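# Geometric and topological summary
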Amino acid sequence: MANNNYTGASFPLTRMRRNRLKDWSRRLIKEHTLTVNDLIWPIFVTANKKTEISSMPGIYRIPLKEISNYVKKAQNIGIPAIALFPETDPNLKDDIGSEALNNNNLICEATRLIKNNCKSIGIITDVALDPYTNHGHDGIIEKDEILNDETLEILGQQALNQASAGADIIAPSDMMDGRVQHIRKLLDKNNFKNVQIMSYAAKYASNFYGPFRNAIGSDKNLSKKSKKSYQMDYSNSDEAIREVQLDINEGADLIMIKPGMPYLDIIYKIKSELKMPTYAYQVSGEYSMIKNAINSNYLSKNTIIEALTCFKRAGADGILTYFALEAAMMLKDEKY
Ligand code: PBG
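Residues numbered from 1 in each chain as written. Predicted model: local features only at pLDDT ≥ 70, side-chain atom pairs only at ≥ 80, totals over all residues. Heavy atoms only, no water.

## Here's the deal with the overall build of the protein chain
- Looking only at helices and strands, the protein chain features twelve helices and twelve strands.
- Taken over the C-alpha trace, the protein chain has a radius of gyration of 21 Å; the compact-globule value for 336 residues is 20 Å, and the two agree within 12%.
- Counting only C-alpha atoms, the protein chain reaches 70 × 40 × 40 Å along its principal axes.
- Put simply, the protein chain has 336 residues, and 53% of those count as buried.
- Residue pairs at least 24 apart in sequence account for 76% of intrachain contacts in the protein chain once pairs closer than 6 positions are excluded.
- About 16500 Å² of surface is accessible on the protein chain, with carbon and sulfur atoms providing 48% of the total.
- Taking the average location of the 42 positive side-chain charges in the protein chain and that of its 40 negative ones, the two points are 10 Å from each other. (Helix = DSSP H or I, 4+ residues; strand = E, 2+ residues; numbered from the N terminus. Rg over C-alpha atoms; globule rule 2.2 N^0.38 Å. Buried < 20%, exposed > 50% of the residue type's maximum accessible area, 1.4 Å probe, protein only. Contact = heavy atoms within 4.5 Å. Areas by Shrake-Rupley, 256 points an atom, 1.4 Å probe, with all protein chains shown as cover. Lys, Arg positive; Asp, Glu negative; His and termini not counted. Charge placed at Lys NZ, Arg CZ, Asp CG, Glu CD.)

## A few points about helix H2 (residues 64-77)
- Turning to H2, its buried residues are Ile67, Ser68, Tyr70, Val71, Ala74, Gln75 and Ile77.
- Among the structural elements, strand E1 (39-46), strand E3 (60-63), strand E4 (81-87), helix H3 (106-117) and helix H12 (324-332) are those in contact with the buried residues of H2.
- Backbone geometry just downstream of H2 places Gly78 in the positive-phi region, at approximately 100°.

## Thoughts on the pairing of E4
- Most of E4 sits inside the fold, with seven of its seven residues counted as buried.
- Side chains of E4 alternate between two faces, with Ala81, Ala83, Phe85 and Glu87 and Ile82, Leu84 and Pro86 buried alike.
- Sheet topology note: the E4/strand E5 (residues 122-127) ladder contains four bridges and is parallel. Bridging across to E5, Ala83 finds its partner in Ile124.
- Viewed along the sheet, the connection from E4 through H3 into E5 turns out right-handed. (Pairing = 2+ DSSP bridges. Right-handed = clockwise from strand over helix to strand, strands pointing away.)

## Some thoughts on the packing of helix H11 (residues 303-314) against H12
- Between H11 and H12, whose axes approach to 10 Å, the crossing angle comes to 100°. For the element pair H11 / H12, the angle class is roughly perpendicular. Across the interface between the two elements, Ile304, Ile305 and Leu308 from H11 touch Glu326, Ala327, Met330 and Leu331 from H12.
- Among the residues making up the contact of H11 with H12, the classes are represented as six nonpolar, no polar and one charged. (Axes fitted to C-alpha atoms, helices over the stretch in contact; angles between N-to-C directions. Parallel < 35°, antiparallel > 145°, perpendicular 65-115°, else oblique. Nonpolar A, V, L, I, M, F, W, Y, C, P; charged D, E, K, R; others polar.)

## Topic: the site of the ligand
- Near the ligand, the surroundings consist of 18 residues, among which Lys203, Lys227, Lys258, Ser284 and Tyr322 are the closest.
- Lys203 places a side-chain nitrogen or oxygen 2.7 Å from an oxygen atom of the ligand.
- For the ligand, whose unbound accessible area comes to 400 Å², protein coverage reaches 100%.
- The set of elements that each furnish at least two residues to the shell around the ligand consists of strand E9 (196-203) and helix H6 (210-216).
- In terms of residue class, the shell around the ligand is built from eight nonpolar, three polar and seven charged. (Near = heavy atom within 4 Å. Polar contact = N/O pair within 3.5 Å; in protein donor to acceptor, adjacent residues only side chain to side chain.)

## Regarding the nonpolar core
- Formed by 107 residues in total, the largest nonpolar core has its most connected members in Phe44, Met198 and Ile270.
- At seven residues, the largest contribution of residues to this core is made by H11.
- In this structure Met198 touches Ile40, Ile124, Ile169, Ile170, Ala171, Pro172, Leu254, Met256, Tyr279 and Leu320, once residues within four positions along its chain are discounted. (Core = buried A, V, L, I, M, F, W, Y, C linked by side-chain atoms within 4.5 Å.)

Here it is in structure tokens:
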């Protein structure tokens, strides 16, 4: 700590513990606070019956007929937005993800139902082909290559399809180059100029997505194939700045970093340098680790609030988390 004497005189004049002694004083010196307004709740939708996701204890695939009541819980407690993901029937999957363009697909149906029944919550829909392709990749493929520009065409139509159903925020999660610009232009041309774009701007090829792929049923199709030719290498951080800057230039309103907890340095760096509304995704693998440890009594439930507050400290304006409802209830009851 060279030249850094702003804390004043040292011990015994300075006692850092003095400020920490009383609860009211600890509250007074608190620098970052998690509130319900920071939470976005990802929800899995299914055409089948309600099933628990085995790799994510406590998280269920929600049938369409229950979706509005489910989302109402989030709306009532004050969660600002939800993010929808579909478990697509394997028979509807093909090599180009055509089901993504069906205006009666699970996501569109769910969006319309929620819009009609929960008027004050924001709906985020994911743009990527992986829930709809029989190979589990986010784009269309030729031999072993994930095609970029050809994929953009379909992603653009997918975004329009979701916006037509009533999505408030389009969230491209595919990591194709140029997709934010392509989608922004199409939305504007089709009278959706107020639909926001939350770009998965710095998204890493991560092992922490495992349980999610199980949840949407893309894991078996993907098997040992990797997404390293489009998602980022977890060894890199300067590259994340370039990725996010490009998405800002292309018209992103909100940017996301993913995964979350092992990537707090990236969140910090991006928020400090680019000053955008910045979101972190505490992904399925992070949820599973914490939840399983809580269920086994290895960790206290308070770990949930700690982990989420740390995202705020790193600079995130909000967090996509499967704990959103649980965390909102803990915050409301001040039980942590
Ligand atoms: C789809 C997508 C993924 C996640 C969100 N959107 C998986 C992936 O890229 O393979 C991961 C979410 C999570 O793990 O919680 N493109």
